[in-house]
Amino acid sequence: RKGNVIITGASSGLGLATAKALADTGKWHVIMACRNFLKAEKAAKSVGITKENYTVMHLDLSSLDSVRQFVDTFRRSGRPLDALVCNAAVYLPTAKEPTYTAEGFELSVGTNHLGHFLLSRLLLDDLKKSDYEQKRLIIVGSITGNTNTLAGNVPPKANLGDLRGLAGGLNGLNSSAMIDGGEFDGAKAYKDSKVCNMLTMQEFHRRFHDESGITFSSLYPGCIATTGLFREHIPLFRILFPPFQKYITKGYVSEEEAGKRLAQVVSDLSLAKSGVYWSWNNKSASFENQLSQEASDAEKARKLWEVSEKLVGLA
Ligand code: NDP
């Protein structure tokens, strides 16, 4: 049978390119988990994904009710779940003030981390039940949260500190809107959320790989300077960033190439190892990359897991 893969944020950028790459193999049915139904339908059509290869299902990661509703809807579809790709993200680098999710969590961490944390925890049971040969749970990471890289050292740097802001509810009322308890900074909140994504993947691996055989992975697909991720940035940045990445840092990849990379992490037999953060070299060959000290701190991962469980109502 065909594999069934859920991809969050498949209405644009990397998620859409990955949906296209997987659908084109004829071996996957893609569930596009998106907050904007019409946009997702139009996006699927615009890249030529054929009708029988995808289903759009509503998911707004900035609402935990919506996450639970999505899981219900998916289960009622009767499809088994063979792979889950947590890809959606918001990036608010120019925001002066924090904005919040339905439950009152700062929006970047609330969407990118907490929404995906609940989603992947709930869907873990569905993955376990699947009889597919290869079961995978992928959380898209980034170089920007990784302070052992050049890009990860551009200030403001990611830093989760002792998680006091997160433990306090990340609500800007009786706690800071930042995980480390500091002043709000939109660019840092995004990087922090990506560190959470990479820590969560490793904690999943430690807790569930041996028992379930599921492959847990993260990746840095390359700098896809053309996606909607940068839509909130100042206009000059949006003009200069793609050529800068293409000609100066040479980290640039097209959406199509990045989509093929993520599709490999979903289905290639050679990328079946669990607990790995994948990257690609200049020749587009994959390799197991090193994470920064904070992004591979097992004690912090455990604490993040426990605090996140409380915030999303799992503990
Ligand atoms: P895009 O902005 O193009 O895509 C982000 C997707 O997330 C969109 O489909 C968007 O939906 C969706 N989304 C945002 N908020 C929500 C929400 N509340 N509920 C459901 N979906 C939501 O960016 P990219 O494709 O670049 O980003 C994809 C992933 O790649 C992210 O995890 C990002 O961190 C990562 N990444 C990107 C890099 C880059 O250079 N671009 C580099 C490294 C990692 P909508 O279409 O409705 O806005």
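Please refer to the structure placed before this passage.
A short tour of the structure in this document, coming up. No experiment lies behind these values; they were computed from the predicted model shown.

### What to know about the overall build of the protein chain
Link 1 in the chain: Counting secondary structure elements, the protein chain contains nine helices and eight strands.
Link 2 in the chain: The C-alpha atoms of the protein chain give 18 Å as radius of gyration, which agrees with the globular expectation for 315 residues (20 Å, within 12%).
Link 3 in the chain: Looking at the 315 residues of the protein chain, the share that counts as buried comes to 57%.
Link 4 in the chain: When contacts within the protein chain are restricted to residue pairs at least 6 apart in sequence, those whose partners lie at least 24 apart make up 73%.
Link 5 in the chain: Taken together, the 38 basic and 33 acidic charged side chains of the protein chain have centroids lying 4 Å from each other.

### Some remarks on the packing of helix 1 (residues 13-24) against helix 8 (residues 255-267)
Link 1 in the chain: Two numbers describe how helix 1 lies on helix 8: the axes approach to 7 Å, and their chain directions differ by 65°. Pair helix 1 / helix 8 crosses with right-handed handedness. Contacts between helix 1 and helix 8 pair Gly13, Leu14, Ala17, Thr18, Ala21 and Leu22 from the former with Glu255, Glu256, Ala258, Gly259, Lys260, Leu262, Ala263, Val266 and Ser267 from the latter.
Link 2 in the chain: Across the contact of helix 1 with helix 8, the residue classes break down as eight nonpolar, four polar and three charged.

### Structural notes on the pattern of salt bridges
Link 1 in the chain: On inspection of all chains with the given rule, the structure shows 19 salt bridges.
Link 2 in the chain: The residue Arg164 makes a salt bridge to Asp162 at a minimum N-O spacing of 2.9 Å.
Link 3 in the chain: What makes Arg164 exposed here is its relative accessible area of 56%.
Link 4 in the chain: Between Glu306 and Arg302 there is a salt bridge whose closest N-O contact spans 3.0 Å. Here Arg302 and Glu306 lie together in helix 9 (residues 298-311), a separation of four residues that amounts to about one turn.
Link 5 in the chain: When its relative accessible area of 34% is taken as the criterion, Glu306 is described as partly exposed.

### A look at the site of the ligand
Link 1 in the chain: Lining the immediate surroundings of the ligand are 31 residues, of which Ser11, Lys39, Asn87, Tyr190 and Thr227 lie closest.
Link 2 in the chain: Contact with the protein chains hides 97% of the accessible area of the ligand, taken as 900 Å² for the molecule alone.
Link 3 in the chain: Listed by contribution, the elements that provide at least two residues to the shell around the ligand are helix 1 and helix 6 (186-212).

### Brief notes about the sheet that holds strand 1 (residues 3-8)
Link 1 in the chain: Across the sheet, which stays open at both edges, the eight strands sit in the order 3-2-1-4-5-6-7-8 with mixed pairing between neighbours. The open sheet has two edge strands, strand 3 (54-58) and strand 8 (286-288), and neither has a second partner. The sheet shows a mean angle of 25° between the axes of neighbouring strands, taken without regard to direction.
Link 2 in the chain: Here strand 1 pairs with strand 2 (residues 28-34) via six bridges, running parallel.

### Observations concerning the side chain of His116
Link 1 in the chain: Inspection of the secondary structure assignment puts His116 in helix 4 (residues 107-129).
Link 2 in the chain: By relative accessible area, His116 is classed as buried at 3%.
Link 3 in the chain: One polar contact links the side chain of His116 to the main-chain carbonyl oxygen of Asn112, over a distance of 2.9 Å.
Link 4 in the chain: Contact partners of His116, with chain neighbours within four places excluded, come to Thr8, Leu61, Cys86, Asn87, Ala88 and Thr111.

### Some words on helix 6
Link 1 in the chain: Between its terminal C-alpha atoms helix 6 stretches 37 Å, which fits the 39 Å expected from 27 residues at 1.5 Å a residue.
Link 2 in the chain: With 21 of 27 residues buried, helix 6 lies mostly within the body of the structure.
Link 3 in the chain: Capping the start of helix 6, Asp185 holds a side-chain oxygen 3.0 Å from the backbone nitrogen of Ala187, two or three residues further along.
Link 4 in the chain: Phi turns positive, to about 75°, at Gly213, one or two residues after helix 6.

### Things to note about a nonpolar patch on the surface
Link 1 in the chain: Residues Ile234, Leu236, Ile239 and Leu240 make up a contiguous nonpolar surface patch of about 420 Å² in total accessible area.
Link 2 in the chain: Position of Leu240 relative to the elements: it lies in helix 7 (residues 235-249).
Link 3 in the chain: The class for Leu240 is partly exposed, based on a relative accessible area of 49%.

### Notes on the nonpolar core
Link 1 in the chain: Counting residues in each nonpolar core, the largest one holds 59 residues, and the members touching the most others are Ile6, Phe70, Leu119, Leu123, Leu137 and Leu166.
Link 2 in the chain: Setting aside residues up to four positions removed in sequence, Phe70 forms contacts with Ile6, Ile31, Ala33, Met57, His58, Leu59, Leu119 and Leu123.
Link 3 in the chain: Residues Ala21, Trp28, Ala40 and Ala83 belong to the second largest nonpolar core, which totals 36 residues.

### Considering the pairing of strand 3
Link 1 in the chain: Relative to strand 3, strand 2 runs parallel, the two sharing five bridges. Of the residues in strand 3, the one forming a bridge with Ile31 is Thr55.

### Describing the pairing of strand 1
Link 1 in the chain: Among the six residues in strand 1, six count as buried, and that is most of the element.
Link 2 in the chain: Neither face of strand 1 is open: one carries Gly3, Val5 and Ile7, the other Asn4, Ile6 and Thr8, and all of them are buried.
Link 3 in the chain: For the crossover from strand 1 across helix 1 to strand 2, the handedness is right-handed.
Link 4 in the chain: Pairing of strand 1 with strand 4 (residues 83-86), which is carried by three bridges, proceeds in the parallel orientation. Among the inter-strand pairings, Ile6 is bridged to a residue of strand 4, identified as Leu84.

Each value, and the rule that gives it
Residues numbered from 1 in each chain as written. Predicted model: local features only at pLDDT ≥ 70, side-chain atom pairs only at ≥ 80, totals over all residues. Heavy atoms only, no water. Helix = DSSP H or I, 4+ residues; strand = E, 2+ residues; numbered from the N terminus. Rg over C-alpha atoms; globule rule 2.2 N^0.38 Å. Buried < 20%, exposed > 50% of the residue type's maximum accessible area, 1.4 Å probe, protein only. Contact = heavy atoms within 4.5 Å. Lys, Arg positive; Asp, Glu negative; His and termini not counted. Charge placed at Lys NZ, Arg CZ, Asp CG, Glu CD. Axes fitted to C-alpha atoms, helices over the stretch in contact; angles between N-to-C directions. Left-handed = near helix turned anticlockwise from the far one by under 90°. Nonpolar A, V, L, I, M, F, W, Y, C, P; charged D, E, K, R; others polar. Salt bridge = Lys/Arg side-chain N within 4 Å of Asp/Glu carboxyl O. Near = heavy atom within 4 Å. Areas by Shrake-Rupley, 256 points an atom, 1.4 Å probe, with all protein chains shown as cover. Pairing = 2+ DSSP bridges. Polar contact = N/O pair within 3.5 Å; in protein donor to acceptor, adjacent residues only side chain to side chain. Expected span 1.5 Å × (residues − 1). Patch = residues over 30% accessible without salt bridge, like charges linked within 9 Å, V, L, I, M, F, W, Y side chains within 5 Å. Core = buried A, V, L, I, M, F, W, Y, C linked by side-chain atoms within 4.5 Å. Right-handed = clockwise from strand over helix to strand, strands pointing away.

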